[in-house]
Amino acid sequence: MNEDQPIIQHESHLDEETLFVVSQTFKALSDPTRIRILNLLCAEEHSVNDIAEVLNLSQSTVSHQLRFLKNLRLVKFRREGTTIYYSKDDDHVMNLLTQAIEHAAHN
């Protein structure tokens, strides 16, 4: 066993809430638009307008996806004047996303 890897205790039964949260997290990561948004937010915070412009999406689409991600606590926001900036809120999920992207890019 590699000493650098943590030992994970596996429970034989997961409670319903944990199962639901895990399934919703994977649901969030199963959508290409949400993956693009999360990937962008991995590096730095952005406003809805910035995200829409960089990813060539409508503001409505971005807002809808951000609401979904915020409800799962994958992104957070802060207000500066009339502008709302979004950023990553969960390094665990961002690490999972990064590893999945690296896996997909690995030949």
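Remember, it's a predicted structure, so these values are computed and weren't measured experimentally.

### Observations regarding the sheet that holds strand S1 (residues 46-47)
And step 1. Taken in spatial order, the three strands make up an open sheet running S1-S3-S2, and their pairing is antiparallel. Edge strands, defined here as strands with exactly one partner in the open sheet, are S1 and strand S2 (75-80).
And step 2. Looking at chain direction, S1 and strand S3 (residues 83-88) are connected through two bridges and run antiparallel. Across the sheet, His46 pairs through a bridge with Tyr86, a residue of S3.

### Re the pairing of S2
And step 1. Pairing of S2 with S3, which is carried by six bridges, proceeds in the antiparallel orientation. Counterpart to Arg78 in the pairing with S3 is Tyr85.
And step 2. Between the end of S2 and the start of S3, which pair antiparallel, lie two residues, with Gly81 showing a positive phi angle near 65°.

### A look at the pattern of salt bridges
And step 1. Counted under the stated rule, the structure contains three salt bridges.
And step 2. Between Arg78 and Glu45 there is a salt bridge; the shortest N-O distance is 2.4 Å. You can see Arg78 sitting in strand S2 and its partner Glu45 sitting in the loop between helix H2 (32-43) and S1, a full 33 residues away along the chain.
And step 3. Since its relative accessible area comes to 35%, Arg78 is described here as partly exposed.
And step 4. You can call Glu45 partly exposed: its relative accessible area is 28%.
And step 5. A cluster of three or more residues bridged by salt bridges with shared partners is formed by Glu45, Arg78 and Glu80.

### Quick look at unusual backbone geometry
Peptide bonds are, in most cases, trans, and in most cases residues other than glycine have a negative phi.
And step 1. The phi dihedral of Asn56 falls on the positive side, at around 55°, and the residue is not glycine.
And step 2. In this fold, Asn56 is placed in the loop between helix H3 (48-55) and helix H4 (59-71).
And step 3. The phi dihedral of Arg73 is positive, around 60°, even though this residue is not glycine.

### A look at the packing of aromatic side chains
And step 1. Taken as a whole and assessed by the stated rule, the structure comprises one aromatic pair.
And step 2. Taking 6.0 Å as the distance between ring centres and 45° as the angle between the ring planes, the aromatic pair formed by Phe77 and Tyr86 counts as tilted.
And step 3. By relative accessible area, which is 11% here, Tyr86 ends up buried.
And step 4. Note that Arg34 overlies the ring of Phe68, its terminal NZ or CZ placed 4.2 Å from the centroid.

Rules behind the numbers
- Residues numbered from 1 in each chain as written.
- Predicted model: local features only at pLDDT ≥ 70, side-chain atom pairs only at ≥ 80, totals over all residues.
- Heavy atoms only, no water.
- Pairing = 2+ DSSP bridges.
- Helix = DSSP H or I, 4+ residues; strand = E, 2+ residues; numbered from the N terminus.
- Salt bridge = Lys/Arg side-chain N within 4 Å of Asp/Glu carboxyl O.
- Buried < 20%, exposed > 50% of the residue type's maximum accessible area, 1.4 Å probe, protein only.
- Phe/Tyr/Trp six-rings, centres within 6.5 Å; stacked < 30°, edge-to-face > 60°.
- Lys NZ or Arg CZ within 6 Å of the ring centre and 35° of its normal.

Note that every value here comes from positions in space, so none of it alone points to a role or purpose.
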